[in-house]
Amino acid sequence: MIRSRIVIIGAGFAGYRTAHTLSRLARGKAGITLLNPTDHFLHLPLLPHVATGVLEPRRVTVSLPGTLPDVRLVLGEADGVDLEQHKVTYTDPEGTRGELSYDRLVLSVGSANKLLPVPGVAEHTHGFRGLPEALYLRDHITRQVELAAAAPDAETCRARCTFVVAGAGHTGVGLAAHGRLFTDALVRKGALWNGIRPRWLLLDTADRVLPGLDERLSATADRVLRGRGVDVRTGTSVKEATPEGVLLDDGEFIGTRTLAWCVGVRPDPLVAGLGRPLERGRLRVDPWLSVPGHPEVFACGDAAAVPDQHHPGRYTPMTARHAWRQGATAAHNVAATLGHGTRRRYRHRDLGSTVDLGGAKAAANPLGIPLSGPLAGAVTRGHHLAAMPGNRVRVAADWLLDALLPRQAVQFGLVRSATAPLDTASPGLARFPAAAPHPTDDRHDPHAQEPSRHRANHREDPHDQQ
Ligand SMILES: Cc1cc2nc3c(=O)[nH]c(=O)nc-3n(C[C@H](O)[C@H](O)[C@H](O)COP(=O)(O)OP(=O)(O)OC[C@H]3O[C@@H](n4cnc5c(N)ncnc54)[C@H](O)[C@@H]3O)c2cc1C
């Protein structure tokens, strides 16, 4: 019997769920290959916990070979798909090129940082889409507070202690809310020896934080953030970023060494190269998640424009919840094309959202019931744990330790600015440009070259130098 070859590109929420479900549905009848640059699934919604020292980085990952034993993992980044020849080309982490042939293909490559043509942003900011960025920020924030304490003058001290987050969506709100608690923990008495306190600003062009969510969630998040001392500025954007600070569109200049760019995401550029119709950069699929004209190709998650069955004319938003559920639908529909079961349309009614605000606080509206305070915090953490396909005990243990012990104020400086550039198609991978100093000094290693899809316009941040 000839086994069908199923290739899944990307092991995030959508791809992991597709692989997991298919390995049950098509056991022994199909060979499933998962192509991903790393050997783990990353639970992105917990990145603020990593960036602010609540969770160690491996906690928010789940091993692919360890949890998907019937799936063949190929480490690498796809850089081309030949829809006519049914072939995927990729580059592995050591720069070796490879090719995979498929009978069925699932594209679940997610999204990357969204860039806007704002001067200085590509050079002086960092996104928040992957572990390298979270690890960089954790070290960077700690280092800025430590450097501030020894700053030669009050102006430098204030700038090092000022943290600006652009974009008040899920990501920016989470980072500012957790970040404020983190810097308070680093500066135990609330202020440095010279009386200067760490300051957090959260900017958005919209008229409220969390503009895409229910207004009651926005109001709760706004209240918690302001109550914690975060300077929330709605209707405000960044006009220019410089090494010394950020120029706002109202003319105010904020001295800072930290601008976190959380203005949104764009679909992974791989799908743009397919030459198929796109919807704001996302690959258009039909309600069965297959690509029109290519019934053997499916797409799901952030990279796919999936028709929203509950809101005709609209597409499902880029959320973990949709990606996870679309992964299951894609698996069922791939199996149906191989003669197992029948295909189904993707439908999912929104059952509410959760927004983690750090500490015991959160904003949530499960089944439309608005919650705030510790109850929302418990619901949100329970939701995080339920959504993780593994590693739950370790995550819960770290949360418990964080509640009982002081936060560890230690930075290793291993992930430097240039390793986590904003302008990259692969936020999940640290980048080691040949010219940049690298902690393990593998720059002379011919295999340590830059993956082809990375762009190199980020220079070493002078603020990284100690
Ligand atoms: C900080 C943060 C917080 C968030 N919080 C929430 C939240 O609270 N609730 C919520 O619903 N959503 C949240 N989101 C959004 C949510 O994480 C995404 O919508 C979700 O991850 C999309 O799933 P996906 O499978 O499409 O993509 P991803 O989970 O991003 O996975 C894509 C995978 O594809 C891989 N890949 C990319 N390109 C290639 C390639 N060329 N070749 C091979 N592999 C490739 C990537 O390495 C990755 O493993 C958050 C996002 C971030 C960044």
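Residues numbered from 1 in each chain as written. Predicted model: local features only at pLDDT ≥ 70, side-chain atom pairs only at ≥ 80, totals over all residues.

Chemist: Mind laying out the overall build of the protein chain, listing which residues take part and the relevant values?
Modeler: Scanning the protein chain for helices and strands turns up 11 helices and 26 strands. In summary, the protein chain has a C-alpha radius of gyration of 22 Å against a globular reference of 23 Å for 466 residues, a match within 12%. In terms of its C-alpha atoms, the protein chain occupies a principal-axis envelope of roughly 75 × 55 × 40 Å. Residues counted as buried form 47% of the 466 residues belonging to the protein chain. A sequence separation of at least 24 residues applies to 68% of the contacts in the protein chain between residues at least 6 apart. (Helix = DSSP H or I, 4+ residues; strand = E, 2+ residues; numbered from the N terminus. Rg over C-alpha atoms; globule rule 2.2 N^0.38 Å. Buried ≥ 20, exposed ≤ 12 C-beta atoms within 10 Å, placed from the backbone. Contact = placed C-beta atoms within 7 Å.)

Chemist: Break down the environment of D250 for me, with residues and values.
Modeler: Tracing the sequence through the fold places D250 in the loop between β15 (245-248) and β16 (253-255). The exposed category is assigned to D250, around which 10 C-beta atoms lie within 10 Å. Taking the C-alpha atoms as reference, D250 lies 9.7 Å from G235; in sequence the two are 15 residues apart.

Chemist: Give a description of the sheet that holds strand β12 (residues 199-204) that names residues and reports values.
Modeler: Strand order in the open sheet formed by 4 strands is β13-β12-β11-β17, and the pairing between neighbours is parallel. The sheet is open, and its two edges are formed by β13 (231-234) and β17 (258-261), each paired on a single side. Mean inter-strand twist for the sheet, computed between neighbouring axes without regard to direction, equals 15 degrees. (Pairing = 2+ DSSP bridges. Axes fitted to C-alpha atoms, helices over the stretch in contact; angles between N-to-C directions.)

Chemist: Summarise the packing of helix α1 (residues 13-25) against helix α9 (residues 320-337); cite the residues concerned and give the values.
Modeler: In contact at an axis separation of 7 Å, α1 and α9 are set at 35 degrees when each is read in the N-to-C sense. In the packing of α1 onto α9, the handedness of the crossing is right-handed. Residue-level contacts link F13, A14, G15, Y16, R17, T18, T21, L22 and L25 of α1 to A320, A323, W324, Q326, G327, A328, A330, A331, H332, V334 and A335 of α9. Class assignment for the residues of the contact of α1 with α9 results in 13 nonpolar, 6 polar and 1 charged. (Left-handed = near helix turned anticlockwise from the far one by under 90°. Nonpolar A, V, L, I, M, F, W, Y, C, P; charged D, E, K, R; others polar.)

Chemist: Which residues make up the sheet that holds strand β26 (residues 371-372), and what values go with them?
Modeler: Spatially, 3 strands are ordered β24-β25-β26 in an open sheet, and the strand pairing comes out antiparallel. Taken across any chain shown, the strands that pair with only one partner, and hence form the sheet edges, are β24 (354-356) and β26. Pairing between β24 and strand β25 (residues 362-364): 3 bridges, direction antiparallel. Residue D356 lies in a different strand from β25, and its bridge partner there is A362. Across the face of the sheet, helix α10 (residues 373-387) comes into contact with β24, β25 and β26 while running at roughly 75 degrees to β25.

Chemist: Go over the environment of L422, please, and point to the residues and values.
Modeler: Tracing the sequence through the fold places L422 in the segment after α11 (392-404). Given 25 C-beta atoms within a 10 Å radius, L422 is considered buried. C-alpha of L422 to C-alpha of A122: the two residues are 300 residues apart in sequence and 6.0 Å apart in space.

Chemist: Could you give an account of the packing of helix α5 (residues 131-149) against helix α7 (residues 170-186), naming the residues involved and the relevant values?
Modeler: Viewed as axis vectors pointing N to C, α5 and α7 meet at an angle of 40 degrees, and their least axial separation amounts to 10 Å. It follows that α5 is oblique to α7 by the angle criterion. The chirality of how α5 crosses α7 is right-handed. Note on element contacts: α7 touches α5 through G179, F182, T183 and L186, opposite I141, T142 and V145. Its residues assigned to classes, the contact of α5 with α7 shows 4 nonpolar, 3 polar and no charged. (Parallel < 35°, antiparallel > 145°, perpendicular 65-115°, else oblique.)

Chemist: Residue-level account of the UniProt feature "domain: FAD/NAD(P)-binding" (unreviewed entry) in the protein chain, with values.
Modeler: Within this numbering scheme, the UniProt entry marks residues 5-327 as carrying the feature "domain: FAD/NAD(P)-binding" (unreviewed entry). In the segment residues 5-327, helix accounts for 28% and strand for 29%; the C-alpha atoms at its two ends are 18 Å apart. (UniProt positions renumbered as here; feature names shortened; annotations may be inferred.)

Chemist: Run through the site of the ligand, naming residues and quoting values.
Modeler: Around the ligand, 35 residues are found, and the nearest of them are G10, G12, G110, G301 and A323. By residue class, the composition of the shell around the ligand is 17 nonpolar, 13 polar and 5 charged. (Near = placed C-beta within 6 Å.)

Chemist: Residue-level account of the nonpolar core, with values.
Modeler: Formed by 121 residues in total, the largest nonpolar core has its most connected members in L107, V165, A166, L202, A221, A299 and C300. Top element by residues in this core is α5. It accounts for 8 residues. Setting aside residues no more than four positions away along its own chain, V165 makes contact with G172, L175, A176, L201, L202, A260 and C262. (Core = buried A, V, L, I, M, F, W, Y, C linked by C-beta atoms within 7 Å.)

Chemist: Can you lay out the pairing of strand β11 (residues 162-166) for me, pointing to particular residues and giving the numbers?
Modeler: Consecutive side chains of a regular strand alternate in pointing toward one face of the sheet and then the other. With 5 of 5 residues buried, β11 lies mostly within the body of the structure. Both faces of β11 are covered, namely the face carrying T162, V164 and A166 and the face carrying F163 and V165. One ladder, built from 5 bridges, connects β11 with β12; its direction is parallel. Bridge pairing in β12 links V164 to L201. Read as a crossover between parallel neighbours, the route from β11 over α7 to β12 is right-handed. By the bridge criterion, 4 bridges tie β11 to β17 in an arrangement that is parallel. For F163, the partnering residue across the bridge sits in β17 and is T258. (Right-handed = clockwise from strand over helix to strand, strands pointing away.)

Chemist: Outline the confidence of the model for the protein chain, listing residues and values.
Modeler: Overall, the prediction assigns the protein chain a mean pLDDT of 90, with 92% of residues at 70 or greater. Per-residue pLDDT stays below 50 along residues 435-452; that stretch engages in 23 contacts with residues further than four places along the chain or on separate chains. Note that residues 454-466 has pLDDT below 50 and, in this model, 28 contacts with residues that lie over four places away or in other chains. (pLDDT = per-residue confidence, 0-100.)

Chemist: Tell me about the environment of R58, residues and numbers included.
Modeler: If you trace the backbone, R58 turns up in the loop between α2 (47-51) and β4 (61-63). Distance in space between the C-alpha atoms of R58 and L42 is 9.1 Å, their sequence separation being 16 residues.

Chemist: Can you tell me about unusual backbone geometry, naming the residues and giving the values?
Modeler: When glycine is set aside, most residues are seen to have a negative phi, and most peptide bonds are trans. Even without glycine at this site, L367 takes up a positive phi of about 55 degrees. Notably, N391 is not glycine yet its phi reads approximately 65 degrees, a positive angle. In this structure, N391 sits in the loop between α10 and α11.

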